[in-house]
Amino acid sequence: MAQLWGGRFTKEPDQLVWNFNASISYDQKLYRQDIEGSMAHVKMLGRQGILTEDESGQILEQLGIILKQIEDGTLEISQTYEDIHSFVEATLIERLGDTGKKLHTGRSRNDQVALDMRMYVRMEVAQTDGLLKTLLETILSVMKEHTDTVMPGFTHLQKAQPVTLAHHMGAYFEMFKRDRLRMRGIYDRMNYCPLGSGALAGTTYPLDREFTARELGFFGPALNSMDGVSDRDYILEFLSALSTVMMHLSRLGEEIIIWNSNEYQFVELDDAYSTGSSIMPQKKNPDIAELVRGKTGRVYGALISLLTTMKGLPLAYNKDMQEDKELTFDAIDTVKGCLALFNGMLATIKFRTDQMRESAAQGFTNATDAADYLVNHGVPFRDAHSIVGELVLYCLERNVSIEELTLEELKKISPVFEEDIYEAVSMETCVNKRLTTGAPGKKAMEHVIGIEEEYLAASDVIMVHYPVSAG
Ligand code: ARG
C-alpha cells in the first residue's frame, strides 16, 4: 500500500478496503494524459511564480523522463499504488525529493482525473472518427463498383422492390457518416479543460487556466469548477455514439450473415475473415459478423451502466465516478476492434452478383412497376393494384414470374397490357427509372456518389495536436 494521504490517519487501510478502492489496475491506461497534464500544470506554476523557474524546470524534465521510460518499458507501473496519479507523483518525489513534492500545488486528484479522462476520451473520439472514415471509403468503393448490381430490396425481410447493391450499401454510408458527425459534435462540446477546478472550488493560487488549457489543446477552461470536476456528459455522449455505431455495424453484420447463408448466397466471405467448424468440414461461418452483433450488447451495457452511476450523484466529485473507466475503456476497445475488422471483412468480401440478380427477378419485386404501367395507361392506381394482385396470384399458381407470362395471358387479366410491358417490368427498368434523389436508379446513384466523394475528400479526421505533447 502506497498512498498520498496518510497524514490524518492512525491506521493503514484494511487490505480489502485498499483493494476495493484502488484503481491503478485500469487507470494506468491514463499514464500519458496524466503526465502531460502535470507537465502543463507545472509549466504554468513556474510562469506564474508559484514555483521557481528552476523547480518547475526540474519537474518538467523529470516528468518527460518518466513518460519516456514508461513508454519504452524501462519504468514499470507499480501496482502497489492506489492509482496512476499516485504512482507518477511518488516516482517524481523518489527522484527529485522535496522539489517533486511541489507538483501537486494548486491541484486535486479530482481535477486531475477529470482532465486525464477527458484527454483520453478526446483522443479516442478522434481515432474512432478516423476508423469511421476508413470504413466509409471502403463502403464508397463498393458503391462505385456496384451501381449496376441489381438485388432485391426488402421490407419485413420480404422481397419488396429491386434496388442495387450500391444503393443498399449507400444506406450504410449515410449511417456511418452521421456517426462521424456525432464524433465531431462530441469533440466540439467536450473540449474544455477542467484543470484548475481544484477539488471543487478552484484554488487561491493565481493559476493561469487559459494557459494550461491552451497547452493541452483545449478551446479554453471549463467555466464552473464544480462542473469541471464532476461532468461526465462527454463520456455518456461518446458511449451513446459508440452504441449507435455498434447498432449500425450489427445491422450490417446481420445482413451479411443472411447474405452468407446457404439459402441466399449473395456473398462469399474471404477465408481470412471466416472460420470453420470443429465437426462439420463443409462449414465456413460468418463469426466476425456474429461477434460484432454480439458485442453490441456490452457497449450498450457501458452506456446504461454509466448513466445509472451518474444519476444520483450530488455535486461535486464522488468516488462513484471512478466507475466511469473500466466499462468505457472496454467499450472503446470493442468498437475500435469491430470497426477495423468490419472494414477488412467488407474490403475482401465477394459479392455474388448473379445470385443477387436472380433473387431480385423472383418474388415479384416488379409488381409495383406493373401497377405503375397500368396507371400510365389510364387505369386508376387502386384498380391497377388489384389487377396486379390477381396477376401475382395467377403466377404463384403456375410458379412463374410476371415477365414469363405470354401477352395473351396478361391481356386476359387486363386488356391494357401491350408488348412494352416486358420492358417496363424488366429489372433494369425497375431500378433505373427510379431517379428521384436518393433512389437506386443509376443516374441518381452516381449523383449521390459524387456528393459523398466530395464529402470524404473535404472532411478531415479530427486531429488533436497540442504544445505539451509535441515536447
Ligand atoms: N481514482 C479516482 C477516480 O478515478 C481518482 C480521483 C480520486 N479523488 C478522490 N477524491 N478520491 O475517480
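Since the structure is predicted, the reported quantities are computational estimates derived from the model, not experimental observations. (Residues numbered from 1 in each chain as written. Predicted model: local features only at pLDDT ≥ 70, side-chain atom pairs only at ≥ 80, totals over all residues. Heavy atoms only, no water.)

Put simply, helix α14 (residues 367-376) and helix α15 (residues 381-398) touch, their axes get as near as 8 Å, and they point 135° apart. In terms of orientation, α14 and α15 fall into the oblique class. Like other packed secondary-structure pairs, α14 and α15 cross with a definite hand, here right-handed. Side by side, α14 and α15 meet where A367, A370, A371, D372, L374 and V375 of the first sit next to F381, A384, H385, I387, V388 and V392 of the second. (Axes fitted to C-alpha atoms, helices over the stretch in contact; angles between N-to-C directions. Helix = DSSP H or I, 4+ residues; strand = E, 2+ residues; numbered from the N terminus. Parallel < 35°, antiparallel > 145°, perpendicular 65-115°, else oblique. Left-handed = near helix turned anticlockwise from the far one by under 90°. Contact = heavy atoms within 4.5 Å.)

Per the counting criterion, the structure on display carries 28 salt bridges. Here R32 makes a salt bridge to E71, at a shortest N to O gap of 2.6 Å. On the criterion of sequence distance, the pair formed by R32 in helix α3 (residues 31-47) and E71 in helix α4 (residues 53-72) is long-range, its members being 39 residues apart. Judged by relative accessible area, E71 falls into the partly exposed class, the value being 42%. A salt bridge links R293 to E254, with the nearest nitrogen and oxygen atoms 2.4 Å apart. Of this pair, R293 sits in helix α11 (residues 287-311) while E254 sits in helix α10 (residues 233-259), placing them 39 residues apart in sequence. (Salt bridge = Lys/Arg side-chain N within 4 Å of Asp/Glu carboxyl O. Buried < 20%, exposed > 50% of the residue type's maximum accessible area, 1.4 Å probe, protein only.)

This brings us to a nonpolar patch on the surface. Taken together, the side chains of L200, M226 and L315 define a hydrophobic patch exposed on the protein surface, amounting to about 260 Å² of accessible area. Inspection of the secondary structure puts L315 in the loop between α11 and α12 (326-348). (Patch = residues over 30% accessible without salt bridge, like charges linked within 9 Å, V, L, I, M, F, W, Y side chains within 5 Å. Areas by Shrake-Rupley, 256 points an atom, 1.4 Å probe, with all protein chains shown as cover.)

What follows deals with the site of the ligand. The immediate surroundings of the ligand are formed by S23, D27, D83, H85, R109, N110, V113, Y317, K319, Q322 and K325. For the ligand, a nitrogen atom lies 3.0 Å from a polar atom in the side chain of N110. Between the ligand and K325 there is a distance of 2.4 Å, counted from an oxygen atom to a side-chain nitrogen or oxygen. When the ligand sits alone it has 340 Å² of accessible area, and the protein chains cover 86% of it. If one sorts the elements of the shell around the ligand by residue count, helix α6 (residues 109-145) sits on top with three residues. A per-class count over the shell around the ligand returns two nonpolar, four polar and five charged. (Near = heavy atom within 4 Å. Polar contact = N/O pair within 3.5 Å; in protein donor to acceptor, adjacent residues only side chain to side chain. Nonpolar A, V, L, I, M, F, W, Y, C, P; charged D, E, K, R; others polar.)

Moving on, we come to helix α5 (residues 84-96). Taking 1.5 Å per residue, 13 residues should reach 18 Å; α5 reaches 18 Å between its end C-alpha atoms and fits that length. Of all 13 residues making up α5, ten are buried, and the element is well covered by its neighbours. Restricting attention to buried positions, one finds in α5 the residues I84, H85, S86, F87, V88, E89, A90, T91, L92 and L96. Where α5 is buried, its residues touch α2 (24-27), α3, α4 and α6. Phi turns positive one or two residues past the end of α5, at G97, with a value near 60°. (Expected span 1.5 Å × (residues − 1).)

As for its placement among the helices and strands, V125 is situated in helix α6. Taking the C-alpha atoms as reference, V125 lies 51 Å from I402; in sequence the two are 277 residues apart. Filtering out sequence-adjacent residues up to four positions away, V125 remains in contact with M183, I186, Y187, M190, F238 and I462.

Looking at where E55 falls in the secondary structure, it is placed in helix α4. Polar contacts involving the side chain of E55 include one to the side chain of K102, which spans 2.5 Å. With sequence-adjacent residues up to four places away left out, E55 is seen in contact with T99 and K102.

The next subject is the environment of I235. Within the secondary structure layout, I235 lies in helix α10. When its relative accessible area of 0% is taken as the criterion, I235 is described as buried. The spatial distance from the C-alpha of I235 to the C-alpha of G294 is 22 Å, given a sequence separation of 59 residues. Leaving out residues up to four positions away in the same chain, I235 has contacts with M117, V121, L306, D324 and T328.

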